[in-house]
Amino acid sequence: MNQIKIFAPASVANVSCGFDVLGFCLEPVGDQMLIRKTNSSGIKITKIEGQNLPLDVKKNVAGVAAEALLKAHPTKSGFEIEIYKNIKAGSGIGSSAASAAGAVYGINELLGKPYTSHDLISFAMEGEGMASGTVHADNVAPVLMGGITLVRSIDPVDVIKLPIPKALTAVVLHPKIELKTMHAREIIKKNVTMEKAIQQWGNLGAFVSALYNEDYDLMSRSLKDEIVEPMRSMLIPEFESLKKASIQAGAIGFGISGSGPSVYALTKGIDGAKKIHSAINEVISSIDIDYEIHISKINEQGIKILTD
Ligand code: ADP
């Protein structure tokens, strides 16, 4: 096999009580990538369509991640990468993660799979580090491993794939204003009180337990963010009204996706998701910004190989 075409999905990270550790993979939104093995060594990004992003491998997360893989696994072949972007950079639904994870996934396949998807996280994370200024794995992990993942540690990488309750469905609103992860990080206070920390780890433990037991009531009680949301939500237009409308329409929980401006709600079933979709639409359509709303099952597989 000398070339591979893949679908690299969007993802939701910083899932409320799981800031920097909990993420899930989305189904309908994502980029396509074409990766080709060549005879000249090294990585080249030969084409980017859909968005204005750097072709320079040192400035594109796909290039940085791919080079990290080749540093660990030297080979005589080189690789050319084409990226067809659908996920807007800075949207908060893992645009950079899709490219970083997609690049290392594709190259690994063309090399005959020397690495597991868990191994690939550390290479993809280097790309993320370049984009946001800090290395984090909560977007690349669910994209590479699929489903819902918990990052216990990034050094060494230790990621756990969590069970997906069958009816769990996400609604994601992407207000089309740009909010760079780097800037959204700057407004977070560096210290957390003991009281808030206790609430957060109580909620995270309970949420994980609720996933194992398909306990939607416990998910609802625990899907809260006592630490980051109060600071970051002010960067997101109509955050409180969107949250209130979603919960009233039956959402299990509602929070910021990644570092925003996207927000997500989780709910039970497609019908529940449709109600939340219209509740969100009513709030956001009252202000003058472009937006998109997606309904998505949790994508259990993550990156997919395309055969056409
Ligand atoms: P997101 O959560 O949507 O990934 P980030 O702010 O984390 O948003 O990342 C976007 C930043 O990464 C932008 O500054 C963008 O220029 C940079 N970047 C570099 N390469 C890529 C790529 N292939 N895809 C998306 N963003 C990229």
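It should be emphasised that the depicted structure is a prediction, and the values quoted were computed from it without experimental measurement.

**Considerations on the pattern of salt bridges**
Going through the model one piece at a time under the given rule, you end up with 11 salt bridges. Residues Glu109 and Lys113 are paired through a salt bridge, measuring 3.7 Å at the closest nitrogen-oxygen approach. The residue Glu292 makes a salt bridge to Lys176 at a minimum N-O spacing of 3.1 Å. Highlighted residues: Glu292 in strand β10 (residues 291-297) and Lys176 in the loop between β7 (168-175) and α5 (181-186), separated in sequence by 116 residues. Since its relative accessible area comes to 32%, Glu292 is described here as partly exposed.

**Some points on helix α10 (residues 269-284)**
With 16 residues, α10 ought to run about 22 Å at 1.5 Å a step, and its terminal C-alpha atoms sit 23 Å apart, in line with that. All of the buried residues along α10 are Gly269, Gly272, Ala273, Ile276, Ala279, Ile280, Val283 and Ile284. Here the buried residues of α10 occupy an arc of 125° about the axis, which is enough to place them on one side. Facing away from the buried side of α10 by over 90 degrees, the exposed positions are Asp271, Lys275 and Glu282. Of the surrounding secondary structure, the elements contacted by the buried residues of α10 are β7, α9 (239-248), β8 (253-256), β9 (263-268) and β10.

**A closer look at the pairing of β7**
Taking burial as the measure, the eight residues of β7 include eight buried ones, the bulk of the element. Side chains Leu168, Ala170, Val172 and His174 of β7 all project onto a buried face; the interleaved residues Thr169, Val171, Leu173 and Pro175 project onto the opposite face, where all are buried too. Summarising the sheet, β7 and β9 pair through six bridges and their orientation is antiparallel. Across the sheet, the residue bridging to Val172 is Tyr264, located in β9. In terms of strand pairing, β7 meets β10 through seven bridges, oriented antiparallel. Its bridge partner lying in β10, Val172 is registered against His294.

**Focus: the site of the ligand**
Residues in close proximity to the ligand total 17 residues, the closest being Asn60, Lys85, Ser96, Ser99 and Thr181. Separating a nitrogen atom of the ligand from a side-chain N or O atom of Lys85 is a distance of 3.0 Å. For the ligand, whose accessible area on its own is 560 Å², the fraction buried by protein is 90%. Take the shell around the ligand: its biggest share by element is three residues, from helix α2 (residues 95-110).

**Things to note about the environment of Phe207**
Position of Phe207 relative to the elements: it lies in helix α6 (residues 194-213). The spacing of Phe207 and Cys17 is 190 residues in sequence and 8.2 Å in space, taken between C-alpha atoms. Once residues lying within four places of it in the same chain are set aside, the contact partners of Phe207 are Cys17, Leu22, Met219, Ser222, Leu223 and Leu266.

What counts, and at which threshold
- Residues numbered from 1 in each chain as written.
- Predicted model: local features only at pLDDT ≥ 70, side-chain atom pairs only at ≥ 80, totals over all residues.
- Heavy atoms only, no water.
- Salt bridge = Lys/Arg side-chain N within 4 Å of Asp/Glu carboxyl O.
- Helix = DSSP H or I, 4+ residues; strand = E, 2+ residues; numbered from the N terminus.
- Buried < 20%, exposed > 50% of the residue type's maximum accessible area, 1.4 Å probe, protein only.
- Expected span 1.5 Å × (residues − 1).
- Arc of directions from axis to C-beta.
- Contact = heavy atoms within 4.5 Å.
- Pairing = 2+ DSSP bridges.
- Near = heavy atom within 4 Å.
- Polar contact = N/O pair within 3.5 Å; in protein donor to acceptor, adjacent residues only side chain to side chain.
- Areas by Shrake-Rupley, 256 points an atom, 1.4 Å probe, with all protein chains shown as cover.

Read these as geometric descriptors, not functional statements.
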